[in-house]
Amino acid sequence: MKTQMIAAGLAGLLACTLAGCAGGGAGGGANPSTQVETTIGVAMPSQASQRWIADGSAVKAGLEALGYKVDLQFANDDIPTQTQQIDQMITKGDKVLIIASIDGTALTSQLQAAADAGITVIAYDRLIRDSPHVNFYVTFDNYKVGVAQATSLLYGLGLTDAKGVPVVDPPAGPLDIELFAGSSDDNNASFFFNGAMDTLKPFLDSGALRVGSGQTAFAQCAILRWEQATAQTRMENILASTYGGDGTGLAGVLSPFDGISRGVITALQGVGLGPTLAEGLPVVTGQDAEIASVKLINDSVQFSTIFKDTRKLADQAVVAASAFLQGNKPVANDTTTYENGVKTVPAMLLGVDTVNKDDIASLLISSGYYTQAQVDAGQ
Ligand code: BGC
C-alpha cells in the first residue's frame, strides 16, 4: 500500500472522478466502461434515532456519487442482526465496510473474517474494540462533546459564561444536578462522560454543584442502548427518591443524547416542573440536534444540544473509503487517542457546535441542515 497522503476532500475526489483522473483504480469511477463494480457495505446501528438515518443516506449518496455500489443496512439496535448483516457483506464480497457498531466489542470475529478476505474496515462514529483489524476511524472529537455538554450545563445554571469562564457572582450553591450517560457498550459513551465530568469536577469539588442522588459513577448513570424510555424511568425514580417526588431543588440534568433528554424532560414535566425553562424546568443538555429536540430548544423547553454535522462525517467516511480503494492511506488527525484494546486506531476527528435557542438559525438553518418549517414542526 502506498503511503502517499490523501489531502483531497470529497469535492476534490468528485472533481477527479468526473474528470476521469488517471489511476482511479477499480471502483474509482474513472471510466464507466472499464470500471469493475465495487460494493461498499455500510452498517448503521438503527433507524430509531434520526441521526443514523441521516448518516446512512449521506454516506450512501457520497459513495454513489463516486461510482461505488452501496449496501446500506440498519440493525434495529440488535447485535445479532448487525453481526449477520456484516457476515453477509463479507460473503457478498464487499470491498470496504463502514461500520457504526451497536456493541463495540461484539464484532471481533466479523473483523477477522473481513481481514482474511482482504476487506478494509472503517469504524464510523463509534470505535470498534478488541480487534487489530480496524483500519481507520472517522468520528467527532468525543471527549470535546462531553466538555461541551458540561459547559452548556454550567452556562445554563449561571455558573459560567457560554465558553465556560466562571462568572464573578454565581448563584449560591450547592445547585443540585443529576447525571446521565450513554450506552456502556458504546465506546463513545465513556468519552462523553469523562469530558463532562472533568469539566464539572471543579464545581463539584468547590460545592457550587452537588449530585443530589449521589449517583456519579458511569455505571450508575449509563442508559443501555441510549433508550429514551429507560432514561425517563431512571429520572422518575430519582425524582421520587431524592427530590420529594415533585422535583423540588433540581436545577439541571446532564444528558448525553437528545433521545435521553426527551425522556428526562417527560419525567420532569410529569411531576409538574416547567413546562418551560422560564417556568422553572431544570436545564437539560443533549446531543445530535435531532429535529424533535431542536423544536424543544426553540420552544425554550430543552436548554441545548450538541450539533454534529453528519454530512461532514459522511464525507470523511467517503474520502477514507475511496483512499483505501485507490491503494492510499487516508489522512488522520489523531493517532494517539483511540486505543481499542489491541491497537491505537488512526482517526479523523471533527469538531462540534453547541446549539442554544439563539444558534438555531445560524448553525442549523443557514447551513441547510434543517428548514425553519422543520424546526417549527419538530419533524
Ligand atoms: C453517537 C451519538 C449518539 C449516540 C446515540 C453515539 O455513539 O456518537 O451522536 O447520540 O450514539 O445514538
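Residues numbered from 1 in each chain as written. Predicted model: local features only at pLDDT ≥ 70, side-chain atom pairs only at ≥ 80, totals over all residues. Heavy atoms only, no water.

1. Quick look at the site of the ligand
Note the threshold: We call a residue near a given molecule or strand whenever any one of its heavy atoms falls within 4 Å of it. Any pair of N or O atoms that falls within 3.5 Å is considered a polar contact. Within protein, one atom must be able to donate a hydrogen and the other to accept it, and sequence-neighbouring residues count only if both atoms are side-chain atoms. Calculation of accessible area relied on Shrake-Rupley with a 1.4 Å probe; when residues are assessed, cover is drawn exclusively from the protein chains displayed. Numbering goes from the N terminus for both helices and strands, where a helix is a DSSP run of H or I of at least four residues and a strand is a run of E of at least two. Only Asp, Glu, Lys and Arg are considered charged in this grouping, and only Ala, Val, Leu, Ile, Met, Phe, Trp, Tyr, Cys and Pro are considered nonpolar; every other residue, Gly among them, is considered polar.
Surrounding the ligand, one finds R51, W52, D125, R126, D186, N188, F192, W226, F257, Q287, D288 and K308. At 2.7 Å from an oxygen atom of the ligand is found a side-chain nitrogen or oxygen belonging to R51. Here an oxygen atom of the ligand sits 3.0 Å away from a polar atom, N or O, in the side chain of W52. Protein chains bury 98% of the 310 Å² of accessible surface belonging to the ligand in isolation. At the level of elements, α2 (50-65) and α6 (187-206) are the ones that each hand at least two residues to the shell around the ligand. Residues belonging to the shell around the ligand are distributed by class as follows: four nonpolar, two polar and six charged.

2. Quick notes on the side chain of S101
Convention followed: Only protein chains enter the accessibility calculation, which uses a 1.4 Å probe; a residue is then buried when its area is under 20% of its type maximum, exposed when over 50%, and partly exposed in between. For this analysis, residues touch if any pair of their heavy atoms sits within 4.5 Å.
By the element assignment, S101 lies in the loop between β4 (96-99) and α4 (108-116). By relative accessible area, which is 1% here, S101 ends up buried. Apart from the residues lying within four places of it in its own chain, the contact partners of S101 are P45, Q82, L107, R126, L127 and I128.

3. A short note on the side chain of S293
Within the fold, S293 resides in helix α10 (residues 291-298). Other than its neighbours up to four places away in sequence, S293 contacts D258, R262 and Q302.

4. Some thoughts on the pairing of strand β6 (residues 136-140)
The condition is simple: Following DSSP output, two strands are said to pair if at least two bridges run between them.
Most of β6 is tucked away, with five of its five residues classed as buried. Pairing between strand β5 (residues 120-124) and β6: three bridges, direction parallel. Within β6, the position partnered with Y124 by the bridge is V138.

5. A few points about empty space enclosed by the protein
What counts is decided by this rule: Only protein atoms enter the calculation, which uses a 1 Å grid: trapped sets of points that fit a 1.4 Å probe without letting it out are cavities, open sets showing protein on both sides within 12 Å along at least five of seven lines are pockets, and any residue with an atom within 4 Å of a point is a lining residue. Grid points are joined across faces, edges and corners, and a volume is the space filled by probe spheres set on the points.
If you walk through the whole model with that rule in mind, you get one cavity of 30 Å³ or more. In this structure, the largest cavity encloses a volume near 30 Å³. Every residue along the wall of the largest cavity is listed here: Q149, F180, A181, G182, A189, F192, F193, A196, L254 and P256. When grouped by side-chain class, the residues that make up the lining of the largest cavity number eight nonpolar, two polar and no charged.

6. Some remarks on the nonpolar core
Threshold: Think of a nonpolar core as a cluster: buried Ala, Val, Leu, Ile, Met, Phe, Trp, Tyr and Cys residues, connected wherever their side-chain atoms sit within 4.5 Å.
If you look at the biggest cluster of nonpolar residues, it comprises 27 residues, and the most contacted ones within it are I40, V42, L63, I98, I122, Y124 and V138. Listed by contribution, the elements that provide at least two residues to this core are β2 (39-44), α2, β3 (69-74), β4, β5, β6, α11 (310-325) and β13 (347-350). The leading source of residues in this core is α11, at seven residues. Those residues in contact with V138, other than ones at most four positions away along the chain, are I122, A123, Y124, D125, L313, Q316, A317 and M348. Counting 25 residues, the second largest nonpolar core, distinct from the first, contains A189, L239, V264 and I306.

7. Focus on the packing of α2 against α11
Rules: Simply put, an axis is a line fit to the C-alpha atoms, just over the touching stretch for a helix, and the angle between two N-to-C directions goes from 0 to 180 degrees. In these notes the angle categories are as follows: under 35 degrees is roughly parallel, over 145 is roughly antiparallel, 65 to 115 is roughly perpendicular, and the rest is oblique. Handedness of a crossing is defined here by the sense of rotation of the near helix relative to the far one, left-handed for an anticlockwise turn of less than a right angle and right-handed for a clockwise turn.
Following both chains from N to C, one finds α2 and α11 inclined at 40°, their axes separated by 8 Å at the closest point. Judged on the interaxial angle alone, α11 and α2 are oblique. In the crossing of α2 with α11, the sense of the turn from one axis to the other is right-handed. Across from R51, A54, D55, A58, V59, G62 and L63 in α2, the residues of α11 making contact are T310, L313, A314, V318 and A321. Here the contact of α2 with α11 is built from residues that sort into eight nonpolar, two polar and two charged.

8. Describing the confidence of the model for the chain
Selection criterion: What pLDDT conveys is the predictor's confidence in a given residue, as a value from 0 to 100.
Confidence in the prediction of the chain, expressed as mean pLDDT, is 92, and 91% of residues score 70 or more. Confidence drops under pLDDT 50 across residues 1-34; counting only partners more than four residues distant or on other chains, this segment forms 53 contacts.

9. Some words on the pattern of salt bridges
Threshold: We define a salt bridge as a side-chain nitrogen of Lys or Arg found within 4 Å of a carboxyl oxygen belonging to Asp or Glu.
By the definition in use, this model includes 13 salt bridges. The partner of D125 in a salt bridge is K308, and the shortest N-O contact between them spans 4.0 Å. Here D125 is found in the loop between β5 and β6, whereas its partner K308 is found in the loop between β11 (305-307) and α11, with 183 residues between them in sequence. On the accessibility criterion, K308 (2% relative accessible area) is buried. K144 is the salt-bridge partner of D141, the closest N and O atoms lying 3.8 Å from each other. Overall, the relative accessible area of 17% leaves D141 in the buried class. Taken together, the salt bridges that share partners define one network made up of R51, D55, D125 and K308.

10. Overview of the packing of aromatic side chains
What counts, and what does not: Working definition: a ring pair exists when centres of Phe, Tyr or Trp rings (six-membered ring for Trp) sit within 6.5 Å. Plane angles under 30 degrees give stacked, over 60 give edge-to-face, the rest tilted. Only when the NZ atom of a Lys or the CZ atom of an Arg is both within 6 Å of the ring centre and within 35 degrees of the ring normal do we say a charge sits over the ring.
As enumerated under the stated definition, the model contains nine aromatic pairs in all. Judged by centre distance (4.7 Å) and plane angle (70°), the rings of F307 and Y369 are edge-to-face. With F307 in strand β11 and Y369 in the loop between α12 (360-365) and α13 (372-377), this pair connects stretches of sequence that are 62 residues apart. Residue F307 is classed as buried on the basis of its relative accessible area, which comes to 4%. With a relative accessible area of 15%, Y369 lands in the buried category. Residues Y369 and Y370 carry aromatic rings whose centres are separated by 5.0 Å and whose planes lie at 70° to one another, so their mutual orientation is edge-to-face. The burial state of Y369 is the same as that of Y370; both residues are buried. Counting every residue linked through ring pairs, the aromatic cluster contains Y137, F191 and Y338. Just above the ring of W52 sits the side chain of R51; from NZ or CZ to the centre is 4.1 Å. The side chain of R234 reaches across the aromatic face of F180, ending 4.6 Å from its centre.

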